[in-house]
There are 2 protein chains.
Amino acid sequence: MCVPGCQETVMRRLSRRGFFKGLGAAGAGAAVFTAFPPPRPAIAQGASFSRVVDLTHALGPDFPTFFGKPQLSMERNAAFDKDGYNMFTWTIVEHTGTHLDAPIHFSADGVDASSIGADQLVVPLAVVDIKEKAASDTDYQLTPDDLKTWEAANGDLPNGGCVAMNSGWARYVTGEKFRNTDPEGRMHFPGFHVEAAMYMMEKGVVGMAVDTLSLDFGASEDFATHYAWLPSGRWGVECVANLDDVPATGATFVLGGPKIKGASGGPSRVFALV
Amino acid sequence: MCVPGCQETVMRRLSRRGFFKGLGAAGAGAAVFTAFPPPRPAIAQGASFSRVVDLTHALGPDFPTFFGKPQLSMERNAAFDKDGYNMFTWTIVEHTGTHLDAPIHFSADGVDASSIGADQLVVPLAVVDIKEKAASDTDYQLTPDDLKTWEAANGDLPNGGCVAMNSGWARYVTGEKFRNTDPEGRMHFPGFHVEAAMYMMEKGVVGMAVDTLSLDFGASEDFATHYAWLPSGRWGVECVANLDDVPATGATFVLGGPKIKGASGGPSRVFALV
């Protein structure tokens, strides 16, 4: 997932942008976390809704994965006919299905899945539609300009909220196009550009959601967006579904992430309250 | 979890109450499902909130379980220092921590965890406080009279909603008192009486939440409440936390259950929107 030296590459790149000026920069995570104000909840102003949209894909052992191999198996512990009840044990890699990336996923000492405050898991949602661009360029990266276009139509990105990329990729989840590998095995699907991540941090956004397998675009070699975003104390959600059913602004994102101590993320139930 | 013959016992008991009159009663599940109208969502009338309460316990390998043995282990797949990111694989029994009981948990062909509609997972919440009774009787079962007392103070139980039992047991989650076993190994903690479950079905309630390890009281030998409630197409949540922070009425229950195909339930993130 990370090639040797990629953190150093990202750090150098970010340093050139001046974000780490004057910092010891023991690591990209600590530096970014210091450079931006910590995220704060924005829902206290209140919210209302009349409809629930399930943003979660149904997950089975055949669900596509970043690494290309199955990441879920289920063993039956009890069967109704014999035991009077049904029960399974799962063996599951954390980053499977519609799932959370906690800050600790890409940092040495970031917050784990169980330690993200509930007030940062129920937040205002902005949905940025890049379907047309992604249709013509499978390596498209959502840019600050895309965010500014969204803001021109909808107002500021939500401070304390979540920004979701709707690239149209959710519709490919049952086929080869979801991973979209080339003959060399490199994947091709859209993601957030690291400069968009920086812009969102400046705006106080706390969550980043994508309808693909990675916050970064599939062909990324340095995971620049992961390394900029997660170590700053912010979370990500990958493989989100049904974003077409959610308005560009006004909905509330509910991230039902696992509350497992030490977890770097995990399968989650994600809703939009509209 | 189920002793031989317990389904038959429950069926006979329920039959005496006249619920299955004229039915072939191939199983308690099918019969109850026919005897009561299917649950319907009630949130369409709209809801608003200004505060999020996390009703989920943090889960680790030492979390108390119904069977008394650990039900979660975590294996590290990647470490930040070496690999540039952190990742684990979990091996976990479905019914661990704050978790969902799907209808299929106690039925031959009920709905699995992935098939419960999102509109049945975000619903109005009623919290019934039986802390005083549970403090003086660890085998206390929440009764229809407790529900009627709640209704006298708060209005009808929410059609399409969830009823949560606040027995005060969540505070014991880190100690022996949570399972509270006697010298014979039988557990002693409160639960819903099967007649309360019947009353809730008549009222159109869809979800039942408890702050203990089981919908039934700990000393139950027949799991009467499980067998009456789950096969009717309704869900349960066990090991709920922080019910003291939620009002008796007016909150919205959000059940972030796993959307895993075939699952009989599983660890969930549960919120109250207040």
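Preceding block: the structure.
The present account deals with the structure reproduced in this document. Just so it is clear, the structure is predicted and the values come from calculations on it, not from any experiment.

**Points about the relation of the copies chain A and chain B**
Right, on to step 1. Overlaying chain A with chain B gives an RMSD of 0.0 Å, the required rotation being 180 degrees about an axis along which the chain moves by 0.0 Å. Each copy turns onto its partner about a two-fold axis.

**Considering the pattern of salt bridges**
Right, on to step 1. In this structure the tally under the stated criterion is 18 salt bridges over all chains.
Right, on to step 2. The salt bridge partner of K259(B) is D54(A), with a shortest N-O separation of 2.9 Å. Of this pair, K259(B) sits in the loop between β12 (251–256) and β13 (265–267) while D54(A) sits in strand β2 (residues 52–54), placing the two residues on different chains.
Right, on to step 3. The class of K259(B) is buried, set by a relative accessible area of 16%.
Right, on to step 4. Classification of D54(A) as buried rests on a relative accessible area of 10%.
Right, on to step 5. Notably, a salt bridge pairs E221(B) with R186(B), separated by 2.2 Å at the nearest N-O pair. Note that E221(B) is positioned in the loop between β10 (207–210) and α7 (224–229) and R186(B) in the loop between β8 (162–166) and β9 (191–192), a separation of 35 residues in sequence.
Right, on to step 6. Among the residues examined, E221(B) registers a relative accessible area of 48% and is labelled partly exposed.
Right, on to step 7. Through salt bridges that share partners, D54(A), R269(A) and K259(B) make up one connected network.

**Some words on the environment of A134(A)**
Residue and element names in this part refer to chain A.
Right, on to step 1. Examined against the element boundaries, A134 turns out to sit in helix α4 (residues 131–136).
Right, on to step 2. Here the alpha-carbon distance between A134 and N166, two residues 32 residues apart in the chain, equals 9.4 Å.
Right, on to step 3. Residues contacting A134, with those up to four places away along its chain left out, are Y140, S167, W169 and P190.

**Overview of the packing of helix α5 (residues 144–154) of chain B against helix α6 (residues 194–202) of chain B**
When two helices pack together, their arrangement is captured by the angle between the axes and the distance separating the axes.
Residue and element names in this part refer to chain B.
Right, on to step 1. Two elements in contact, α5 and α6, have axes whose closest approach is 8 Å; the angle formed by their N-to-C orientations is 45 degrees. In terms of axis orientation, α5 runs oblique to α6. Within the contact between the two elements, α5 uses P144, L147, K148 and E151 and α6 uses E195, A196, Y199 and M200.
Right, on to step 2. Residues belonging to the contact of α5 with α6 are distributed by class as follows: five nonpolar, no polar and three charged.

**Notes on the pairing of strand β11 (residues 235–238) of chain A**
Residues and elements named next belong to chain A.
Right, on to step 1. Of the two faces of β11, both are covered, the one formed by W235 and V237 as well as the one formed by G236 and E238.
Right, on to step 2. Sheet topology places strand β5 (residues 99–101) next to β11; three bridges connect them, and they run antiparallel. Of the residues in β11, the one forming a bridge with D101 is G236.
Right, on to step 3. In this sheet, β11 lies alongside strand β10 (residues 207–210) in parallel orientation, the contact comprising three bridges. Directly across from A209, in β11, lies its bridge partner V237.
Right, on to step 4. For the segment spanning β10, helix α7 (residues 224–229) and β11, crossover handedness is right-handed.

**Digging into α5(B)**
Residue and element names in this part refer to chain B.
Right, on to step 1. Among the residues of α5, P144, D146, L147, W150 and E151 are the ones counted as buried. Projected onto a plane normal to the axis of α5, the buried residues spread over an arc of 155 degrees and lie on a single side. α5 presents D145, T149, A152 and A153 as exposed residues on the side facing more than 90 degrees away from its buried surface.
Right, on to step 2. Turning to α5, the residues buried within the fold contact β6 (122–129), α4 (131–136), β7 (141–142), β8 and α6.
Right, on to step 3. Two residues or fewer after α5 comes G155, characterised by a positive phi angle close to 95 degrees.

**Here we look at the sheet that holds strand β8 (residues 162–166) of chain A**
Residues and elements named next belong to chain A.
Right, on to step 1. A sheet is described by the order of its strands in space; here nine strands give the open sequence β2-β14-β12-β6-β8-β10-β11-β5-β13, paired in mixed fashion. The open sheet has two edge strands, β2 and β13 (265–267), and neither has a second partner. Neighbouring strand axes in the sheet, compared pairwise and without regard to direction, differ in orientation by 25 degrees on average.
Right, on to step 2. As paired elements, strand β6 (residues 122–129) and β8 share five bridges and run parallel to each other. When the bridges of β8 are listed, A126 appears paired with V163.
Right, on to step 3. Across the face of the sheet, helix α5 (residues 144–154) comes into contact with β6 and β8 while running at roughly 105 degrees to β6.

**Observations concerning empty space enclosed by the protein**
Right, on to step 1. Evaluation of the coordinates by the stated rule reveals three cavities of 30 Å³ or more.
Right, on to step 2. Empty space within the largest cavity amounts to approximately 280 Å³.
Right, on to step 3. Surrounding the largest cavity, 29 residues form its lining, P258(A), P267(A), S268(A), P258(B) and P267(B) being those nearest its centre.
Right, on to step 4. When its volume is computed, the second largest cavity comes out at roughly 90 Å³.
Right, on to step 5. For the second largest cavity, the lining is made up of 14 residues, of which F66(B), Q71(B), H95(B), H99(B) and L213(B) are closest to its centre.
Right, on to step 6. Looking at side-chain class alone, the lining of the second largest cavity contains seven nonpolar, six polar and one charged residues.

**Some words on the interface of chain A and chain B**
Right, on to step 1. If you look at the interface, chain A gives 64 residues, while chain B gives 65 residues.
Right, on to step 2. Regarding the contact of chain A and chain B, the summed buried area is about 5400 Å², with carbon and sulfur atoms giving 66% of it.
Right, on to step 3. Of all residues in chain A, W90(A), K259(A) and R269(A) bury the most surface against chain B, accounting for 15% of the area lost on that side.
Right, on to step 4. The interface formed by chain A and chain B includes two salt bridges.
Right, on to step 5. Linking chain A to chain B there are 28 residue pairs in polar contact (both at pLDDT 80 or more).
Right, on to step 6. Sorting the residues of the side of chain A that touches chain B by element identifies β1 (47–49), β2, β3 (72–78), α3 (80–83), β4 (87–93), β12 (251–256), β13 and β14 (269–273) of chain A as the ones contributing at least two each.

Thresholds applied
Numbers given for residues are sequential positions, taken from 1 along each chain in its written order. Throughout, the order in which chains and ligands are written sets their labels, letters from A for the former and numbers from 1 for the latter. pLDDT decides what is reported in this predicted model: residues at 70 or higher carry local features, side-chain atom pairs at 80 or more are listed and counted, and totals for whole chains, interfaces and linings draw on all residues regardless. The basis for every side-chain value is the complete set of heavy atoms in the structure, and neither hydrogens nor water enter the calculation. A least-squares fit on C-alpha atoms brings the copies together, and the residues used are those whose pLDDT is at least 70 in both copies. Whenever Lys or Arg places a side-chain nitrogen within 4 Å of a carboxyl oxygen from Asp or Glu, that contact is recorded as a salt bridge. Working definition: helices are DSSP H or I runs of at least four residues, strands are E runs of at least two. Numbering for both runs from the N terminus. Working definition: with a 1.4 Å probe on protein chains only, accessible area under 20% of the residue-type maximum means buried, over 50% means exposed, and in between means partly exposed. Contacts: residue pairs with any heavy atoms within 4.5 Å of one another. Axis lines are fitted through C-alpha atoms, for helices just across the contact stretch, and the angle between N-to-C directions can take any value from 0 to 180 degrees. Relative orientations are named as follows: roughly parallel for angles under 35 degrees, roughly antiparallel for angles over 145 degrees, roughly perpendicular for angles from 65 to 115 degrees, and oblique for any other angle. Residues are grouped as follows: nonpolar covers Ala, Val, Leu, Ile, Met, Phe, Trp, Tyr, Cys and Pro; charged covers Asp, Glu, Lys and Arg; every other residue, Gly included, is treated as polar. Two strands qualify as a pair provided that DSSP identifies no fewer than 2 bridges between them. The crossover handedness rule: strands pointing away from the viewer, path from first strand over the helix to second strand clockwise, crossover right-handed. To be clear, the arc concerns the directions from the helix axis to the C-beta atoms. In the cavity and pocket records, a cavity denotes points on a 1 Å grid over the protein atoms alone where a 1.4 Å probe fits but cannot get out, a pocket denotes an open set with protein on both sides within 12 Å along at least 5 of 7 lines, and lining residues are residues with an atom within 4 Å of a point. Grid points are joined across faces, edges and corners, and a volume is the space filled by probe spheres set on the points. As used here, buried area is the combined drop in accessible area, with a 1.4 Å probe, of two parts when they are placed together. N or O atoms within 3.5 Å of each other form a polar contact, as long as, within protein, one can give a hydrogen and the other can take it, and as long as residues adjacent in sequence are counted only when both atoms are side-chain atoms.

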